[in-house]
Amino acid sequence: EDLRARAAAPSFPPALVVHMGTPEEGERFFEKRWPEARAVSDPDKVLFDAFGLERGSLMQVMGPGTWAAGFRARAHGVGLPKGDPRVLAGSFLVKGADVLESDLATTSASTPDLSRLARAAEAL
């Protein structure tokens, strides 16, 4: 799936993507899928922990609803997970030191509601 299309909104603030791969793995991944994205490598999960992202249960990570999402990701050329595959994702609208909005994944197949975060950013 084209990540640029998912993040498209009239005045969506610049995105910063944090991943657990190496900087080189992040560059290769985003070069094809979202070249404009800014990405930070966080293999030690410092930012993941700071934002309170937790490890999912086996059902949240390997439950029936996650299999179809995994097959779709593989069909789009996404490789094996990097880092801790049980850490659930999150999307945040941050201004300065304040988290204004958040969207926390409930399973590894959850997709963030970027349009809600964009609306919150427009309201600033």
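The structure displayed is predicted, hence computed values, not measured ones.

This part takes up the overall build of the protein chain. If you tally the helices and strands in the protein chain, you get 6 helices and 4 strands. The proportion of buried residues among the 124 residues of the protein chain is 25%. Surface exposure of the protein chain reaches about 8200 Å², of which carbon and sulfur atoms provide 58%.

Bringing unusual backbone geometry into the picture now. The backbone of K45 shows a phi angle near 60°, a positive value even though the residue is not glycine. Relative to the helices and strands, K45 is located in the loop between β2 (38-41) and α3 (46-50).

Another aspect to go through is the side chain of D42. Along the chain, D42 turns up in the loop between β2 and α3. Although D42 lies buried, it forms no salt bridge, and the closest oppositely charged side chain, K45, sits 9.0 Å away as judged by the N-O distance. Of the polar contacts made by the side chain of D42, one reaches the backbone nitrogen of L47; its length is 2.8 Å. In contact with D42, not counting residues within four places along its chain, are V18, H19, M20, G21, L47 and F48.

This part is about the nonpolar core. One finds L93, L114, L117, A120 and A121 forming the largest nonpolar core, which totals 5 residues. With 4 residues, the single largest contributor to this core is helix α6 (residues 114-122).

A few words now on the pairing of β2. One ladder, built from 4 bridges, connects strand β1 (residues 16-19) with β2; its direction is parallel. Along β2, the bridge assignment pairs L16 with R38.

Within this structure, the stated rule accounts for 4 salt bridges. Here K82 makes a salt bridge to E25, at a shortest N to O gap of 3.6 Å. Of this pair, K82 sits in the loop between α5 (64-75) and β3 (90-95) while E25 sits in helix α2 (residues 23-33); the two residues are 57 residues apart in sequence, bridging distant segments of the chain. Here D84 ties to R55 by a salt bridge, and the two come within 2.7 Å at their closest N and O atoms. Of this pair, D84 sits in the loop between α5 and β3 while R55 sits in the loop between α3 and α4 (58-62); the two residues are 29 residues apart in sequence, bridging distant segments of the chain. Residue classification places D84 among the buried residues on the basis of a relative accessible area of 16%. By sharing partners, the salt bridges in this structure join K45, R55 and D84 into a single network.

Thresholds applied
Residues numbered from 1 in each chain as written. Predicted model: local features only at pLDDT ≥ 70, side-chain atom pairs only at ≥ 80, totals over all residues. Heavy atoms only, no water. Helix = DSSP H or I, 4+ residues; strand = E, 2+ residues; numbered from the N terminus. Buried < 20%, exposed > 50% of the residue type's maximum accessible area, 1.4 Å probe, protein only. Areas by Shrake-Rupley, 256 points an atom, 1.4 Å probe, with all protein chains shown as cover. Lys, Arg positive; Asp, Glu negative; His and termini not counted. Salt bridge = Lys/Arg side-chain N within 4 Å of Asp/Glu carboxyl O. Polar contact = N/O pair within 3.5 Å; in protein donor to acceptor, adjacent residues only side chain to side chain. Contact = heavy atoms within 4.5 Å. Core = buried A, V, L, I, M, F, W, Y, C linked by side-chain atoms within 4.5 Å. Pairing = 2+ DSSP bridges.

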